[in-house]
Amino acid sequence: MTLHALCATSAIGEGQCKQFEIDDHKLFVVHYHGQFYAYRNRCPHLGIELQWQPDQFLDYDGELIQCSTHNALFVIEDGECVAGPCRGAALESLPLTVTKGELIVNLPPPATLR
Ligand code: FES
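Residues numbered from 1 in each chain as written. Predicted model: local features only at pLDDT ≥ 70, side-chain atom pairs only at ≥ 80, totals over all residues. Heavy atoms only, no water.

An unreviewed UniProt entry annotates the protein as Rieske (2Fe-2S) protein of Simiduia agarivorans.

Colleague: With reference to specific residues and values, describe the sheet that holds strand β7 (residues 81-83).
Modeller: The strand order across the open sheet built from 3 strands is β5-β6-β7, with neighbouring strands paired in antiparallel fashion. The open sheet is flanked by β5 (64-66) and β7, the only strands paired with a single partner. Averaged over all pairs of adjacent strands, the angle between their axes in this sheet comes to 40°, without regard to strand direction. With 3 bridges connecting them, β5 and strand β6 (residues 73-75) associate as antiparallel partners. (Pairing = 2+ DSSP bridges. Helix = DSSP H or I, 4+ residues; strand = E, 2+ residues; numbered from the N terminus. Axes fitted to C-alpha atoms, helices over the stretch in contact; angles between N-to-C directions.)

Colleague: Break down the state of the cysteines for me, with residues and values.
Modeller: One pass over the structure, following the stated rule, counts 0 disulfides. The thiol of Cys81 is unpaired, and the distance to the nearest cysteine sulfur, on Cys86, comes to 3.7 Å. The exposure class of Cys86 is buried, given its relative accessible area of 7%. (Disulfide = S-S within 2.5 Å. Buried < 20%, exposed > 50% of the residue type's maximum accessible area, 1.4 Å probe, protein only.)

Colleague: Break down the UniProt feature "domain: Rieske" (unreviewed entry) in the protein for me, citing the residues and quoting the values.
Modeller: The UniProt feature table records "domain: Rieske" (unreviewed entry) at residues 4-105. For residues 4-105, the end-to-end C-alpha separation is 5 Å, with 0% helix and 43% strand making up the annotated structure. (UniProt positions renumbered as here; feature names shortened; annotations may be inferred.)

Colleague: Quick rundown of the packing of aromatic side chains? Include the residues and the values.
Modeller: Taken as a whole and judged by the stated rule, the model has 2 aromatic pairs. Each ring, one from Phe28 and one from Tyr39, has its centre 6.0 Å from the other, and the planes form 40°; the classification is tilted. With Phe28 in strand β3 (residues 25-32) and Tyr39 in strand β4 (residues 35-40), the pair connects residues that are 11 residues apart, well separated along the chain. Using a relative accessible area of 0% as the deciding quantity, one classes Phe28 as buried. A centroid spacing of 4.0 Å and a plane angle of 10° characterise the contact between Phe28 and Phe57, whose relative ring orientation is stacked. Here Phe28, found in strand β3, pairs with Phe57, found in the loop between β4 and β5; they are 29 residues apart in sequence, far enough to count as distant. Among the aromatic residues, those joined into a ring-pair cluster are Phe28, Tyr39 and Phe57. (Phe/Tyr/Trp six-rings, centres within 6.5 Å; stacked < 30°, edge-to-face > 60°.)

Colleague: Help me get a handle on the pairing of strand β9 (residues 96-99), residues and values and all.
Modeller: Where β9 and strand β10 (residues 102-107) come together, 4 bridges link them in antiparallel fashion. Residue pairing for β10: Thr97 is matched across the bridge by Ile104. A loop of 2 residues connects β9 with β10, the two strands running antiparallel in sequence, and Lys100 in this loop sits at a positive phi of about 50°.

Colleague: So, a negative patch on the surface: which residues are in play, and what are the values?
Modeller: Together, Asp61, Glu63, Glu77, Asp78 and Glu80 give the surface a local cluster of negative charge. Examined against the element boundaries, Glu63 turns out to sit in the loop between β4 and β5. Assessed through its relative accessible area of 40%, Glu63 is described here as partly exposed. (Patch = residues over 30% accessible without salt bridge, like charges linked within 9 Å, V, L, I, M, F, W, Y side chains within 5 Å. Areas by Shrake-Rupley, 256 points an atom, 1.4 Å probe, with all protein chains shown as cover. Salt bridge = Lys/Arg side-chain N within 4 Å of Asp/Glu carboxyl O. Lys, Arg positive; Asp, Glu negative; His and termini not counted. Charge placed at Lys NZ, Arg CZ, Asp CG, Glu CD.)

Colleague: Tell me about the nonpolar core, residues and numbers included.
Modeller: Of all hydrophobic cores here, the largest spans 18 residues; its most connected members are Phe28, Val30, Leu50, Ile65, Phe74, Ile76 and Leu91. Mapped onto this core, the elements with two or more residues apiece are β3 and β4. The dominant element in this core, judged by the number of residues it contributes, is β3, at 3 residues. When neighbours within four sequence positions are excluded, Leu91 is seen to be in contact with Phe28, Tyr39, Arg42, Pro44, Leu50, Ile65, Phe74 and Gly79. Counting residues in hydrophobic clusters, the runner-up holds 13 residues, among them Cys7, Phe20, Leu27 and Leu103. (Core = buried A, V, L, I, M, F, W, Y, C linked by side-chain atoms within 4.5 Å. Contact = heavy atoms within 4.5 Å.)

Printed below as a string of structure tokens:
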């Protein structure tokens, strides 16, 4: 596992998302109810990216993560798919911490990517 600084917490407003690409890792962070969550940017349905526009990952109400391709819906706090073609599957959560106002993600080595 390797630690990577993503950005300042202030760079992602409440209810906003931000996507990142580090080496071969594509991921996104959601700021929701004061907490930050990081997921691999890979829908469990077809293994493709979720966003419908850059940095846009949430549904209309901003309460769930939504895949832009077939509209699967995922719980922001744990990535579980609660509706759509991959219901019961989950996004891959990535360990995220906040250190001195910076978001730090812990990524596995690229060789372990699926
Ligand atoms: S690719 Fe995401 S729901 Fe089909």
